[in-house]
Amino acid sequence: QDKAAAEKKEPLRVATNATFVPFEFKDDANPEDYKGFEMDLIKAVGKELGREVQINNLPFSGIIPVIQQGDMDIAAAGMTMTQERAKNVLFAAPFYESKLVILAPNGSGITSIDDLQGKTVAVQMGTTGAGYAEQKGLNIKQFDHNSELIMDLQVGGAQAGILDKPVADYFLAQDGKGKYEIIDIPDTKSEYLAFALNKNNTELQKEVNAALAKLKETGEFQKLYKQWFNT
Ligand code: GLN
């Protein structure tokens, strides 16, 4: 009976940018597969709702527009809840507390945001990191994908990047090990990451929040969190 009901429901159309490790990414071994904490979380939410999850990979800056146009149902893209964005989309309950940081090669001498004046700073277009760098009047280089931002640092393009801390942490634990460092930005506040929905879709917002609450109750949320963040 449950199965018949599930078959009648529309698939959940999910928009992501799969370069936000360890929240959403693809690996070379399974290029069709979407991996990461937020991908596992949205799949678990889909299961709770009895809806098939269809994931679509877009540049980050293209995600709010497709949600607004109703072409996608939900953004699972490491999206920070900001007041500005809340004018255009609805946010579900936050699932992660993040922060902006500077990522720079070891020995760069960069110790604060002021040291970035006169340098080139890599950011991902449309992100809070890009907005912050712009607001500080920094000379920025914008990329569609976080992976490109990091690659630019590695090939000696930009001298530093501004991005979300968990992504920088992950890079330092992997490819960037021993070669890069994270510099705090004390004047920025914590940011809360959440799924984003169409402004009119309060129904889905309620369902998603109920599903998230359920996943926390059953411990499934905590299990995924531990699996991806090792804490
Ligand atoms: N959390 C940041 C933002 O919302 C970055 C998101 C991302 O790069 N996917 O702007």
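Residues numbered from 1 in each chain as written. Predicted model: local features only at pLDDT ≥ 70, side-chain atom pairs only at ≥ 80, totals over all residues. Heavy atoms only, no water.

### Let's talk about the environment of Ile42
Consideration 1: Along the chain, Ile42 turns up in helix 2 (residues 37–49).
Consideration 2: Counting along the chain gives 28 residues from Ile42 to Val14, while the straight-line C-alpha distance between them is 8.3 Å.
Consideration 3: Among residues more than four places away in sequence, those in contact with Ile42 are Leu12, Val14, Val53, Ile74, Ala76 and Phe195. (Helix = DSSP H or I, 4+ residues; strand = E, 2+ residues; numbered from the N terminus. Contact = heavy atoms within 4.5 Å.)

### Observations concerning the domain arrangement of the protein
Consideration 1: What the domain assignment reports for the protein is domain 1 (2–96 + 192–229) and domain 2 (100–184).
Consideration 2: Distance between the C-alpha centres of domain 1 and domain 2: 26 Å.
Consideration 3: Residue-level contacts link 15 residues of domain 1 with 13 residues of domain 2.
Consideration 4: Of the roughly 1,200 Å² buried between domain 1 and domain 2, counting both surfaces, carbon and sulfur atoms make up 62%. (Domains from an automatic or database assignment. Buried area = accessible area lost by both parts, 1.4 Å probe.)

### Digging into the sheet that holds strand 9 (residues 100–105)
Consideration 1: An order of 11-10-12-9-13 is seen for the five strands of this open sheet, with the pairing classed as mixed. Sheet topology places strand 11 (139–143) and strand 13 (180–184) at the edges, where each strand pairs with a single neighbour. The average angle at which neighbouring strand axes cross in this sheet is 30°, direction not considered.
Consideration 2: Relative to strand 12 (residues 160–164), strand 9 runs antiparallel, the two being bridged by four bridges. The residue bridging Leu103 from the neighbouring strand is Gly161, located in strand 12.
Consideration 3: Helix 6 (residues 146–154) contacts strand 9, strand 10 (120–124), strand 11, strand 12 and strand 13 of the sheet and is inclined by roughly 155° relative to strand 12. (Pairing = 2+ DSSP bridges. Axes fitted to C-alpha atoms, helices over the stretch in contact; angles between N-to-C directions.)

### Overview of unusual backbone geometry
Consideration 1: The omega angle of the peptide bond from Val21 to Pro22 is 5°, so this bond is cis rather than trans.
Consideration 2: Positionally, Pro22 belongs in the loop between strand 2 (19–20) and strand 3 (24–27).

### Details of the site of the ligand
Consideration 1: Every one of the 13 residues lining the ligand counts as a neighbour, but Thr80, Arg85, Gln124, Thr128 and Asp164 are closest to it.
Consideration 2: At a separation of 2.8 Å, a nitrogen atom of the ligand approaches a polar backbone atom of Gly78.
Consideration 3: Taking Asp164, its side chain carries an N or O atom lying 2.8 Å from a nitrogen atom of the ligand.
Consideration 4: In the complex, 99% of the free accessible area of the ligand, which totals 290 Å², lies under the protein chains. (Near = heavy atom within 4 Å. Polar contact = N/O pair within 3.5 Å; in protein donor to acceptor, adjacent residues only side chain to side chain. Areas by Shrake-Rupley, 256 points an atom, 1.4 Å probe, with all protein chains shown as cover.)

### Topic: the pattern of salt bridges
Consideration 1: Evaluated as defined, the whole model comprises nine salt bridges.
Consideration 2: Across the pair Lys141 and Asp152 runs a salt bridge, and its minimum N-O distance is 3.0 Å. Residue Lys141 is found in strand 11, and its partner Asp152 is found in helix 6; the two are separated by 11 residues along the sequence.
Consideration 3: Using a relative accessible area of 32% as the deciding quantity, one classes Lys141 as partly exposed.
Consideration 4: One network of salt bridges, in which partners are shared, links Arg13, Arg51 and Asp73. (Salt bridge = Lys/Arg side-chain N within 4 Å of Asp/Glu carboxyl O. Buried < 20%, exposed > 50% of the residue type's maximum accessible area, 1.4 Å probe, protein only.)

### Here we look at the sheet that holds strand 15 (residues 196–198)
Consideration 1: Read from one edge of the open sheet, five strands run 5-1-6-15-7, paired in mixed fashion. Only two strands of the sheet have a single partner each, and these edge strands are strand 5 (53–57) and strand 7 (89–91).
Consideration 2: Across three bridges, strand 7 lies against strand 15 in antiparallel orientation. Among the inter-strand pairings, Val89 is bridged to a residue of strand 15, identified as Asn198.
Consideration 3: Docked against the sheet, helix 2 engages strand 1 (12–16), strand 5 and strand 6 (74–75), running at close to 150° with respect to strand 5.
Consideration 4: Helix-sheet contacts for helix 8 (residues 202–218) involve strand 1, strand 6, strand 7 and strand 15, and the interaxial angle to strand 7 is about 20°.

### Let's talk about the packing of aromatic side chains
Consideration 1: By the definition in use, this model includes 16 aromatic pairs.
Consideration 2: Plain terms: the ring middles of Tyr225 and Phe229 are 4.8 Å apart, the flat faces sit at 50° to each other, and that makes the pair tilted. With Tyr225 and Phe229 both in helix 9 (residues 220–229) and four residues apart, the pair spans about one turn of that helix.
Consideration 3: Residue class for Tyr225 comes out partly exposed when judged on its relative accessible area of 25%.
Consideration 4: The exposure class assigned to Phe229 is buried, which follows from its relative accessible area of 16%. (Phe/Tyr/Trp six-rings, centres within 6.5 Å; stacked < 30°, edge-to-face > 60°.)

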